[in-house]
Amino acid sequence: MLLKAEGLHKSFQGTEVLKGISFCVEAGEVVSLVGKSGAGKTTVLRCIMGLEKCDQGTIEIDGNYLCRSTPNGMERATKATIYQIRKSLGMVFQNYHLFPHKTVLENVMLALTEVYKMDKKSAQEKAEAMLKRLDLGDKLNNKPFELSGGQKQRVAIARSCVTSPKLLCFDEPTAALDSALVMDMVKIIRDLAKDGMGILIISHDEKFVRDVSDRILMMEQGRFTAELTSEEYAKIMRA
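Predicted, not measured: the structure shown is a model, and the values here were computed from it.

About the criteria used
- Residues numbered from 1 in each chain as written.
- Predicted model: local features only at pLDDT ≥ 70, side-chain atom pairs only at ≥ 80, totals over all residues.
- Heavy atoms only, no water.
- Helix = DSSP H or I, 4+ residues; strand = E, 2+ residues; numbered from the N terminus.
- Rg over C-alpha atoms; globule rule 2.2 N^0.38 Å.
- Buried < 20%, exposed > 50% of the residue type's maximum accessible area, 1.4 Å probe, protein only.
- Contact = heavy atoms within 4.5 Å.
- Areas by Shrake-Rupley, 256 points an atom, 1.4 Å probe, with all protein chains shown as cover.
- Lys, Arg positive; Asp, Glu negative; His and termini not counted.
- Charge placed at Lys NZ, Arg CZ, Asp CG, Glu CD.
- Pairing = 2+ DSSP bridges.
- Axes fitted to C-alpha atoms, helices over the stretch in contact; angles between N-to-C directions.
- Core = buried A, V, L, I, M, F, W, Y, C linked by side-chain atoms within 4.5 Å.
- Parallel < 35°, antiparallel > 145°, perpendicular 65-115°, else oblique.
- Left-handed = near helix turned anticlockwise from the far one by under 90°.
- Phe/Tyr/Trp six-rings, centres within 6.5 Å; stacked < 30°, edge-to-face > 60°.
- Lys NZ or Arg CZ within 6 Å of the ring centre and 35° of its normal.

The secondary structure content of the protein amounts to eight helices and eleven strands. Radius of gyration (C-alpha) of the protein: 18 Å, near the 18 Å computed for a compact globule of 239 residues. When the backbone C-alpha atoms are referred to their principal axes, the protein occupies close to 50 × 50 × 35 Å. Counting every position in the protein, which comprises 239 residues, the buried fraction comes to 46%. Residue pairs in contact within the protein that sit at least 24 positions apart in sequence constitute 63% of those at least 6 positions apart. Total accessible area on the protein stands at roughly 11900 Å², and carbon and sulfur atoms take up 48% of it. Both charge centroids of the protein, one from 34 positive and one from 31 negative side chains, sit 4 Å from each other.

Sheet strands line up and pair through hydrogen bonds in the backbone, either parallel or antiparallel. The strand order β7-β8-β9-β3-β10-β11 describes an open sheet built from six strands, whose pairing is mixed. Where the open sheet ends on each side, the last strands, each with one partner, are β7 (89-92) and β11 (223-229). Averaged over all pairs of adjacent strands, the angle between strand axes in this sheet comes to 20°, irrespective of strand direction. One ladder, built from four bridges, connects β7 with strand β8 (residues 167-171); its direction is parallel. Among the inter-strand pairings, M91 is bridged to a residue of β8, identified as C169.

For Q13, which is not a glycine, the phi torsion comes out positive at approximately 50°. Assignment of secondary structure puts Q13 in the loop between β1 (3-12) and β2 (15-25).

Right, let's talk about the nonpolar core for a bit. Among the nonpolar cores identified, the biggest contains 43 residues, and I157, I189, I199 and F208 are the most heavily contacted of them. Going through the elements one at a time, β3 (30-34), α3 (104-114), α4 (120-133), α5 (149-161), β8, α6 (179-194), β9 (198-202) and α7 (206-212) are the ones with two or more residues in this core. In terms of residue count, α6 provides more of this core than any other element does, seven residues in total. Dropping the residues within four chain positions of it, F208 is found in contact with P173, T174, V182, M185, V186, I189, I201 and S203.

This part covers the packing of α3 against α4. α4 packs onto α3 with a crossing angle of 125° between their chain directions and a minimal axis gap of 9 Å. Relative to α4, the element α3 is oriented oblique. At the point where α3 passes α4, the crossing takes the right-handed sense. Residue-level inspection shows V104, L105, V108, M109, L112 and T113 of α3 in contact with α4, the latter providing K120, A123, Q124, K126, A127, E128 and L131.

Attention now goes to the pairing of strand β10 (residues 215-220). As judged from the four bridges shared by β3 and β10, these two strands associate in the parallel manner. Opposite V31, over in β10, you have R215 as the bridge partner. Pairing analysis gives six bridges linking β10 to β11, with the strands arranged antiparallel. Bridge pairing links I216 to L228 in β11. Between β10 and β11, which follow one another and run antiparallel, lie two residues, and Q221 among them has a positive phi close to 50°.

On to the packing of aromatic side chains. Applying the stated rule across the entire model yields one aromatic pair. Between the aromatic rings of F23 and F224, the centroid separation amounts to 5.8 Å while the plane-to-plane angle is 90°, which identifies the pairing as edge-to-face. You can see F23 sitting in strand β2 and its partner F224 sitting in strand β11, a full 201 residues away along the chain. On the basis of relative accessible area, F224 is assigned to the partly exposed category, the value being 23%. Here the basic side chain of R68 rests over the ring of Y65, its NZ or CZ set 4.1 Å away from the ring centre.

See the structure below:
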């Protein structure tokens, strides 16, 4: 099991946002979380990424516990374990979060040289290979402002994938894309899953979710209300 979350609870200022969420993601599987704004999708993602601490529950990623409930209260990962967990995780943010003053190649190399301490030559070779795979081989020296929305999205994916994460998370990956680019995104994500990467997606795009997902988890008011295959989800959307 690549990702296992059990009984996640999270409150903000006395308001319970997550009410016992449990789910899993296997290697090579694409799982999407869907629901109206305020359902708790983003909070789930932030807890998985370690950007928020859940109040109760267990999160296990690639065999390491980020947190877990025990009879004595919450047990949280040490700094060393968190470092190992973060090496297993990648995140593609809705607004890309690219460094505007750096080139496409420099953006993708950054984690390799600064976090993984890879030598510059090796980092450049790995970054170039990933960018070429995503059809950005001719954009290596461009700055983010020179790219289209779809190209920025692919740079953000390259930056996350170049460190070979086992689980890649997406926050509204099609929000700024037109319909043609959405289909490109489906292909990219399915190709990553074929390589054995687990994919967790938050999205409001019903057609995209149907086309890309192996399983779809529907959320409402902090709880999962249904777990569906893409075919089952499509039937509900047509009803």
